[in-house]
Amino acid sequence: MIRLAANFNPGKPNTRTPEVAPALSPDALSISQQKTVQFILQFVVTLGICPYLMPGVGVPLRYRTEFGAVVQDVVCLDAAPDATRRLYTSCRALLNVAEHTSLGSLIFCHHFGDIAAGLCQLGFCPTKSKLLTPAEEVLTEEERTLSRGALRDMLDQVYQPLAVRELLILQGGPPQSCTDVKTQLRCRAPAWLRRLCGQLLSERLMRPNGVQAVVRGILEGAGAGAAGGSDAEVMAADWKKCDLIAKILASCPQQSLSPESYYKDICPQVLDLFHFQDKLTARQFQRVATTTFITLSRERPQLAAKYLLQPVLAPLHRCLNTAEIPESYRVPGTILVTEEELCRCIEDVFKVYVIGNEPLTVLMDSLLPVLGVLFLLYCFTKQSVSHIRSLCQEILLWILGKLERKKAIASLKGFAGLDKAVPSLHSLCQFRVATQGGIMITIKEAISDEDEDEALYQKVSSEQDQVEHLGDLLSLCQECGLSGDFFIFCLKELTHVATENEAELKTKPFSSKSLLELEQHQTLLVEGQEQKLLVLQLMVVLCERMSEQIFTNITQVVDFVAATLQRACASLAHQAESTVESQTLSMSMGLVAVILGGAVQLKSSDFAVLKQLLPLLEKVSNTYPDPVIQELAVDLRITISTHGAFATEAVSMAAQSTLNKKDSEGKIEEPQQSSHERHTDVAHSHLEQQQSHGIAPQPGLQSDAPVTPQGVNEPSTTTNQKSGSITTEQLQEVLLSAYDPQIPTRAAALRTLSCWIEQREAKALEMQEKLLKIFLENLEHEDTFVYLSAIQGVALLSDVYPEKILPDLLAQYDSSKDEHTPETRMKVGEVLMRIVRALGDMVSKYREPLIHTFLRGVRDPDGAHRASSLANLGELCQRLDFLLGSVVHEVTACLIAVAKTDSEVQVRRAAIHVIVLLLRGLSQKATEVLSDVLKDLYHLLKHVVRLEPDDVAKLHAQLALEELDDIMKNFLFPPRKLEKKIVVLP
């Protein structure tokens, strides 16, 4: 038996059986017992607390349930004992019971607000104690003190977000205009209770983790807490609540010793809100943190810089070349910034700066010193896959776009290595790939003599890569004009490089210098050569990366020409004239001639900018040896000085020569043909950019009288011509008339081209791209007769070649205000509406790009463009029928959001009109196509009829309801059809 007992080895017990479960505590309640206790607690609170609360304290009983209203009327407040004594007895009894663990959770979870309201009234309600004798007082001072202490103890024990939420309910909202007396009592809490709740909320906020408690207390009521659900997504879009929390957190309470001590405790908790991993609450917490960050930076910039920005940017400041690295961290291989710290820093900066999108001075000044490190980090991420690459790029693009132009250029100089004074990465630090796939900053390893060549190669390669990455970054900054300004800066630096006197850098005789001076001189010489090579490399990269749209305004073009003229004058001063310099000078002066020749619509302010070229042109006219360039410089000075009132033949010829060179560079072969007279130089220059057949101009020839081509002069005859009857000369004449300055001639030419397209003339259709360009350029004309003719032409051309033309029109319609004026985009919208109508059932083939473009247009900042997009969306949906099914939810959500939230009346009208068109177009098919969203559309229409202030929008909604009413009547009660059925029996 002893051996058997010794060899006994039982198996492992199954942890999933009920027998292995841990035993419950003796005081645990079953589910049925918990229900019984809850009934009893509800009975006690309903009869012992709620009826005795003062008006405005807590939520009145009559507004909770119908039974509560009955109880409120039955309770007699004048009967003995006094109502205050009854309230005190009930609250003390419930608090005594709540000391038990199992019962306390039930009491506080369901009745915390009522008990807190009772204790507030018992302990803090002002009384006329001075007029009462001790025998007449209902509660003694000791009992009031006990009530105050019990309230604070209870607030400290419960779940803090619950305490915050209940205190906010007790405090009530702002004053409201309530006509009903009962509603007025419910809406407004007493002044002493509001002050008390404000004080208690401030105490909750200043506790450890108080910020999180306040945020959760406010947000959990909207479904953003542990329960979550669909309401959490609604809360994610509620910026008003986030702004409210941010204002609460940014306001220093009166209980705080000083604002600095308050923000010192609060700011670390605000930063912790950025780092929540719970997906359900992370979005809300991050929005609150971002809004608080921005609000505090706006109202308390010094404290925000000290307690918010410094901790966030600390990992980047730690590795700056201006920072002192302690000796203990100088050991090679030491991790200066961990992977987690660097990743968290970049993500926080992205959330605050890019998502917050508030270019405050304190934010810009704080980020400016670490831009060099941020750019080097961006360059390092380009070497491999990294999730923070896009974040670094967005941060750099945002800060460069928001900075003043001088500061932005100075930062770019530091990125390129042209300005060593800009803070950058410490010479001892380097970026390395971390074990988890991120990036960390470590101390460099010591370089041995054998590795010096390899280190030099790595240094040169990294500098080249930095210039390449800078070019990629600048290619994304062309719209804001930063790329053009930096290009002009580099061009000016190139002028200094090209004209620098090498004799000044030559060393003096060795006898007059010490070895130290010689070494310093050689160092300066090497640095100067490095600067020159760097400028040349920058120019090469910028010329490769930048497109022809690098200059966005006249000022940049003038600066470019001025830099070119300065370089030419400097070359003449140093007697360094070359063929390249002469060609560059001719090109720049030809560019000015093109501008003055009418290629750009100039204003008086533009001529003020052009006058900056007058001293340089005068210097060129006096010093340049080529007489042709001298004459052109004099003529340009005269044209600029007279604001274009007088232009010589030399200016026109220079402009035409420049345009011809541009065409030849665009790979357009232009064989010489017989010359044709043109109406104006500007019209001919526009035409020659498009045509493949050259037309030699007659310089200086202009005509004041309108000249109408044969095809335009007789439109009726042209219309009756058969296909293939037009000649090449007629087509050329009409194309030239499309740029005539006389409005009737131009409009007639556009109408003639439209007729030829409608008749499918082969010669006209062969030039579809040129015709499209002509129509699109005439869309920008201000005269109605011209641009309506252009709209008709584009619509007809799109009907012939929709696959080729429709994507370009959608891209132009979806472009920003900087690329096209709002009027032009509206005209393109009219073209798209005509195309949709013309395509008919074939519009289903282009459903996706059309719907996506119109939905994006609904989010445009311009109200007129939003209304245009909605009108086009209505025309499209009216013709899609059953093909609308896959996107019906997106369209419906868009219409509901616009109709309820848009600030402009015409946009809301358009949204309601889309519903009218949708119901009218679908007719009886609406019950099938809109089956999932028909209820939502009905609720929206009823909402508009009841609450919309605009009468026109109400009328549209009423019309839509009538359409819906007819549809549903026909669906429920279809008309009877008298028909005979013949059934063949087997």
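Model, not experiment: these values are computed from the prediction.

About the thresholds
Residues numbered from 1 in each chain as written. Predicted model: local features only at pLDDT ≥ 70, side-chain atom pairs only at ≥ 80, totals over all residues. Heavy atoms only, no water. Helix = DSSP H or I, 4+ residues; strand = E, 2+ residues; numbered from the N terminus. Expected span 1.5 Å × (residues − 1). Buried < 20%, exposed > 50% of the residue type's maximum accessible area, 1.4 Å probe, protein only. pLDDT = per-residue confidence, 0-100. Contact = heavy atoms within 4.5 Å. Phe/Tyr/Trp six-rings, centres within 6.5 Å; stacked < 30°, edge-to-face > 60°. Lys NZ or Arg CZ within 6 Å of the ring centre and 35° of its normal. Axes fitted to C-alpha atoms, helices over the stretch in contact; angles between N-to-C directions. Parallel < 35°, antiparallel > 145°, perpendicular 65-115°, else oblique. Left-handed = near helix turned anticlockwise from the far one by under 90°. Pairing = 2+ DSSP bridges. Salt bridge = Lys/Arg side-chain N within 4 Å of Asp/Glu carboxyl O. Core = buried A, V, L, I, M, F, W, Y, C linked by side-chain atoms within 4.5 Å.

## Looking at helix H21 (residues 452-474)
- Compared with the 33 Å implied by 1.5 Å per residue over 23 residues, the 33 Å span of H21 between its first and last C-alpha is a close match.
- Every buried residue of H21 is listed here: Ser461, Val467, His469, Leu470, Gly471, Leu473 and Leu474.

## Points about the confidence of the model for the protein chain
- Residues of the protein chain with pLDDT of at least 70 account for 82%, and the chain-wide mean is 77.
- Overall, residues 176-185 carries pLDDT values under 50, and its contacts beyond four positions in sequence, including any with other chains, amount to 10 contacts.
- In the predicted structure, residues 664-724 sits below a pLDDT of 50 and forms 112 contacts with residues beyond four places in sequence or in another chain.

## Observations concerning the packing of aromatic side chains
- A complete count under the given rule lists 10 aromatic pairs for this structure.
- Through pairs of rings, three or more aromatic residues link up here, namely Phe375, Tyr378 and Phe415.
- One Lys or Arg, Arg148, reaches over the ring of Phe124 and ends 5.7 Å from the middle of that ring.

## Some words on the side chain of Arg908
- Considering the arrangement of structural elements, one finds Arg908 in helix H43 (residues 905-922).
- You can call Arg908 buried: its relative accessible area is 10%.
- When near neighbours in sequence (up to four residues on either side) are disregarded, Arg908 contacts Val898, Ala899, Asp902, Ser903, Glu948 and Pro949.

## With respect to helix H28 (residues 627-641)
- Its 15 residues place the ends of H28 21 Å apart at the C-alpha level, agreeing with the 21 Å of an ideal helix rising 1.5 Å per residue.
- Turning to H28, its buried residues number three or more, namely Ile629, Leu632, Ala633, Asp635, Leu636, Thr639 and Ile640.
- Just beyond H28, the residue with positive phi is His643, at close to 55°.

## A few points about the packing of helix H7 (residues 160-171) against helix H10 (residues 210-219)
- It is the contact of H7 with H10, at a shortest axis distance of 7 Å, that shows an interaxial angle of 60°. As far as their axial angle goes, H10 and H7 are oblique. Like other packed secondary-structure pairs, H7 and H10 cross with a definite hand, here right-handed. From H7, Gln160, Pro161, Val164, Arg165 and Leu168 reach across to H10, where they touch Ala213, Val214, Arg216, Gly217 and Ile218.

## Overview of the pairing of strand E3 (residues 439-443)
- Counting buried positions over the 5 residues of E3 gives 5, a clear majority of the element.
- Taking every second residue as pointing to the same face, both faces of E3 are buried, with Ile439, Ile441 and Ile443 on one and Met440 and Thr442 on the other.
- Across 5 bridges, the pairing between strand E2 (residues 429-433) and E3 is antiparallel. Looking at the pairing, Gln430 lines up with Thr442 of E3.
- Here E2 folds back onto E3 in antiparallel fashion, the turn holding 5 residues, of which Gly437 has a positive phi close to 95°.

## A few points about the pattern of salt bridges
- This model, assessed by the stated rule, comprises 18 salt bridges.
- For Arg148, the salt bridge identified is with Glu141, shortest N-O distance 3.6 Å.
- The class of Arg148 is partly exposed, set by a relative accessible area of 24%.
- One salt bridge connects Arg909 with Asp950, and the closest N-O pair in it is separated by 2.8 Å. Separated by 41 residues along the polypeptide, Arg909 in helix H43 and Asp950 in the loop between helix H45 (934-947) and helix H46 (951-972) bring together distant segments of the chain.
- By relative accessible area, Arg909 is classed as partly exposed at 29%.
- Taken together, the shared-partner salt bridges connect Asp156, Arg204 and Arg207 into one network.

## A word on the nonpolar core
- Met154 and Phe486 are the most contacted members of the largest nonpolar core, which totals 186 residues.
- Beyond its immediate stretch of four places on either side in the chain, Phe486 contacts Ile409, Leu412, Lys413, Leu470, Leu474, Leu538 and Leu542.
- In terms of nonpolar packing, the next biggest core, distinct from the first, is built from 85 residues, Val843, Leu876, Cys894 and Ala960 among them.

## What to know about the sheet that holds E3
- Pairing within the open sheet is antiparallel, and its 3 strands lie in the order E1-E3-E2. With partners counted over all chains shown, the strands left at the sheet margins are strand E1 (335-337) and E2, one partner each. Direction aside, neighbouring strands of the sheet carry axes that sit 45° apart on average.
- Strands E1 and E3 of the sheet are contacted by helix H16 (residues 339-355), whose axis makes an angle of about 125° with E3.

## Things to note about the environment of Leu360
- One can find Leu360 in the loop between H16 and helix H17 (361-367).
- Look at Leu360 and you get buried, because its relative accessible area is 16%.
- Placed 59 residues apart in sequence, Leu360 and Pro301 show a C-alpha to C-alpha distance of 9.1 Å.
- Not counting chain neighbours up to four residues away, the residues in contact with Leu360 comprise Ile294, Ser297 and Arg298.

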